[in-house]
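The primary structure of each chain is shown beneath.
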Amino acid sequence: MPPLDGAGAADLLVVGGGYSGLWAALLARQADPGREVLLVEAGTCGWAASGRNGGFCAASLTHGLANGARRFPEEIDELEWLGRANLAAIGTTVAEHRIDCDFERTGELAVAVEPYLLAGLAENAALARRYGQDVTLLDREEVRAEVNSPKWSMSEYGHQAVVWQTAVNPVVALELLATGAWSGAGVLGPEALPPRPFLDLLAGYGSPWGMEERSTGGTA
Ligand SMILES: Cc1cc2nc3c(=O)[nH]c(=O)nc-3n(C[C@H](O)[C@H](O)[C@H](O)COP(=O)(O)OP(=O)(O)OC[C@H]3O[C@@H](n4cnc5c(N)ncnc54)[C@H](O)[C@@H]3O)c2cc1C
């Protein structure tokens, strides 16, 4: 978009081209197509938080109902209602403007990754039901049917293929410390220790290393 050069005039000035500003400008024009809306952005539209988030679209405006009910007991009814209306409006707007962003109403899945978290899940489910949400409690196998996370198999030795790249580095480092190939006093990062024994042992564990120069055809 062109930079604002000189003085601009409009019925409505929107500052910032993130989700908030862009959607506000869109709504303002929809409400009154004759209204002149000027949106100014200091950088590039969507460069900030709106262009780098995780892409999760949840209805809750309070990072979860339990958190909201605890912190805003007086306002939580309205916050919940607004959150649901907001999510529905996102869906409608995406469809109406044919925005190609893979928007899907999938529902949410909260998972207890340790047994002590199970009670909290059940409490949250009960709370959500009180607020009219449709909640199902799944057991381990039912969750695995939804998301086959390696988290379950990581605790069993011999089933760690998925996390090999994460696990092998500390294994190599610990072995070097145990054999004395790496040693030192104080708290040291891996950069402080000689790389060659690490790389040799890494190759010994079946993870060979190397460097390859690739040309992109460009210059730098
Ligand atoms: C790493 C990360 C992950 C996230 N993940 C999620 C998620 O999964 N789900 C979710 O719902 N939310 C998530 N969020 C939050 C969500 O992205 C933000 O709440 C949302 O994008 C905020 O939008 P915004 O338009 O208010 O702000 P921004 O996207 O930050 O836009 C503000 C814009 O205003 C411009 N601006 C500021 N001052 C001026 C000025 N004086 N003149 C001109 N322009 C100006 C800035 O340049 C910027 O472009 C995440 C945020 C981050 C950072």
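Coordinates for the structure precede this section.
Residues numbered from 1 in each chain as written. Predicted model: local features only at pLDDT ≥ 70, side-chain atom pairs only at ≥ 80, totals over all residues. Heavy atoms only, no water.

**Observations regarding the site of the ligand**
Around the ligand lies a shell of 17 residues, among which Ser20, Glu41, Trp47, Ser50 and Phe56 are the nearest. A distance of 2.6 Å is found between an oxygen atom of the ligand and a side-chain nitrogen or oxygen belonging to Ser20. At 3.3 Å from an oxygen atom of the ligand is found a main-chain nitrogen or oxygen belonging to Gly55. Look at the ligand: alone it shows 1,000 Å² of surface, and the protein chains cover 52% of it. Per-class residue counts for the shell around the ligand are eight nonpolar, seven polar and two charged. (Near = heavy atom within 4 Å. Polar contact = N/O pair within 3.5 Å; in protein donor to acceptor, adjacent residues only side chain to side chain. Areas by Shrake-Rupley, 256 points an atom, 1.4 Å probe, with all protein chains shown as cover. Nonpolar A, V, L, I, M, F, W, Y, C, P; charged D, E, K, R; others polar.)

**Regarding unusual backbone geometry**
Phi at Arg98 is positive, roughly 45°, even though this residue is not glycine. Within the secondary structure, Arg98 is located in the loop between α3 (76–96) and α4 (118–130). Looking at Arg98, the relative accessible area reads 76%, which means it is exposed. At Asp102, a residue that is not glycine, the phi angle is positive and equals roughly 55°. Within the secondary structure layout, Asp102 lies in the loop between α3 and α4. (Helix = DSSP H or I, 4+ residues; strand = E, 2+ residues; numbered from the N terminus. Buried < 20%, exposed > 50% of the residue type's maximum accessible area, 1.4 Å probe, protein only.)

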